[in-house]
Amino acid sequence: MIAEDYMQPEFTYIDGGVCAPQGFSASGVHCGIRKNRSKADLALIVSRTRCATAAVYTTNKVQGAPLAVTRAHIADGYSQAVLCNSGNANTCNPNGETLARACCDLLGDALHIPANDVVIASTGVIGQPLPLEPFARGIPAAVAALAATPAAALAAAEAVMTTDTYAKTQALEFTLDGKPCRLGIITKGSGMIHPNMATMLTFITSDVAIAPTLLQRALSEEVKDSLNQISIDGDTSTNDMAVILANGAAGNAEIRDDGAAYQTFRAALHRLCAWAAREIARDGEGATKLLHCRVRGARSPEVARSVAKSIIASDLFKAAMFGADANWGRVLCAVGYTTGDFSANNIALTLQSAAGAVKVCEHSAYHPFSEDEAAKVLAEKEIEILLDMHDGEAQAQAWGCDLTYDYVKINGDYRS
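What you are looking at is a predicted structure, and each value in this text was computed from that prediction instead of being measured.

J.: Before we move on, could you go through the environment of histidine 390 and cite the residues and values that matter?
T.: Secondary-structure assignment places histidine 390 in the loop between strand 15 (382-388) and strand 16 (394-401). For histidine 390, a relative accessible area of 42% puts it in the partly exposed group. Linking histidine 390 and glutamate 221, residues 169 residues apart in sequence, is a C-alpha distance of 26 Å. For histidine 390, the contacting residues outside a window of four places in its chain are Arg296, Gly297, Asn346 and Ala348.

So this is what it looks like as structure tokens:
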């Protein structure tokens, strides 16, 4: 597991999102899938050259057609472009895969690249008809709008939004072999978030030279500690996908083993994905508070991850956080029903925010605290749940949000 340290000097946040790495351009346009013409609904990310490519997917047994097409296209470990629409998830459609392949054909023709070098993704309402016409109009427009600028990266990030309240885009720079290297990300997700692979949709670009097998290993390892550790509402989407493209334009020696260069790349990837996990949780549907659970002293990394996610996914605990109620028994309840071999007999729990910290549990029992002081701590917009199991050396974290009245309102009329 990668230890999180937001103060490491070797990583610097920079502007540009997915366009920050050399050789990448992006765009976002309205193609007509959404009724609201002011909202972009088609995003495009393109590299000048073919990229080592890796992906992880939802484990939901009902899956959007684009996932099957993308799996086939990147089976050789390479791609060159990402196309994603919002507003309609292309899931449970009788012509879903045919449509997805037709979109790849259109984009391949427009970019003069093979259609099987296109990664395709989709998000929105499940089970709605989706014609080809919007893509036939939108793909040429998206290609024409391609640019290697922060504004273009933002446009792509906005085009994949559904109930998100803001676009989520970030980039960072680090050094390999004396060469400046970059990673960029756009991600979306606000509801139907209880990932068992990654988040709703995450697209990562990089100019690092890395073998496809190592890239897949890095992404598969990383999602366990960041993008898989989010819960908004306990629902795992049918269209979840995280994809990373690396074109090698930075000029570093290609990463072929798990040596120092690979470890630096992994640390950078973790930094970016942990940022994305926080932002998704912060923007949960109807949320008023970001919840960040840190578990330490666990018997194994797997136990630490499971315990952290159980806490963050507990509806009772999430509701208590909405009401600023230090009902710590709900935390221990969530720990207790977590699957795994561990002891829950010596747990300590502290609730912390910008307003201070209050210990509420020691030795798995009540620890005297001021309810008034706890209410002040829990009234803040970001709350940390610090749990020490005193049962080992492993640690993990998870991110979530409070459960509010607005969550029900949003999902009560989602299709409208």
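J.: Go over helix 1 (residues 65-73) with me, naming the residues and quoting the values.
T.: Along helix 1, the positions that sit buried rather than exposed are Ala65, Pro66, Leu67, Val69, Thr70 and His73. Its buried side turned inward, helix 1 meets strand 3 (42-57), strand 4 (78-85), helix 2 (96-111), strand 5 (118-122) and strand 10 (241-246).

J.: Can you explain helix 10 (residues 371-378)? Please cite residues and give values.
T.: Residues Ala374, Val377 and Leu378 constitute the buried set of helix 10. The buried residues of helix 10 occupy an angular sector of 90° when projected down its axis, which confines them to one face. Exposed and oriented more than 90 degrees from the buried face of helix 10 are Asp372 and Lys376. Against the buried residues of helix 10 lie helix 8 (315-322), strand 12 (348-353), strand 13 (356-362) and strand 15.

J.: Could you give me a rundown of the UniProt feature "binding site: substrate" (unreviewed entry) in the chain, with the residues and numbers involved?
T.: Per the UniProt annotation, the sites labelled "binding site: substrate" (unreviewed entry) are Thr162, Lys188, Thr199, Glu285, Asn411 and Ser416. Checked against the element boundaries, lysine 188 lands in strand 7 (residues 179-188). Side chain to side chain, lysine 188 and threonine 123 meet in a polar contact 3.2 Å long. Its place among the elements puts glutamate 285 in the loop between helix 6 (260-282) and strand 11 (290-298). The class of glutamate 285 is buried, set by a relative accessible area of 4%.

J.: Can you tell me about the packing of aromatic side chains, naming the residues and giving the values?
T.: Using the criterion set out here, one finds three aromatic pairs in the structure. Pairing tyrosine 366 with phenylalanine 369 gives two aromatic rings, centres 5.8 Å apart and planes at 50°, and the pair type is tilted. With a relative accessible area of 15%, phenylalanine 369 lands in the buried category. The ring of tyrosine 57 is capped by arginine 71, whose NZ or CZ atom sits 4.2 Å from the centre of that ring. Over the aromatic face of tyrosine 166 sits the side chain of lysine 168, whose NZ or CZ is 4.6 Å from the ring centroid.

Rules used throughout
- Residues numbered from 1 in each chain as written.
- Predicted model: local features only at pLDDT ≥ 70, side-chain atom pairs only at ≥ 80, totals over all residues.
- Heavy atoms only, no water.
- Helix = DSSP H or I, 4+ residues; strand = E, 2+ residues; numbered from the N terminus.
- Buried < 20%, exposed > 50% of the residue type's maximum accessible area, 1.4 Å probe, protein only.
- Contact = heavy atoms within 4.5 Å.
- Arc of directions from axis to C-beta.
- UniProt positions renumbered as here; feature names shortened; annotations may be inferred.
- Polar contact = N/O pair within 3.5 Å; in protein donor to acceptor, adjacent residues only side chain to side chain.
- Phe/Tyr/Trp six-rings, centres within 6.5 Å; stacked < 30°, edge-to-face > 60°.
- Lys NZ or Arg CZ within 6 Å of the ring centre and 35° of its normal.

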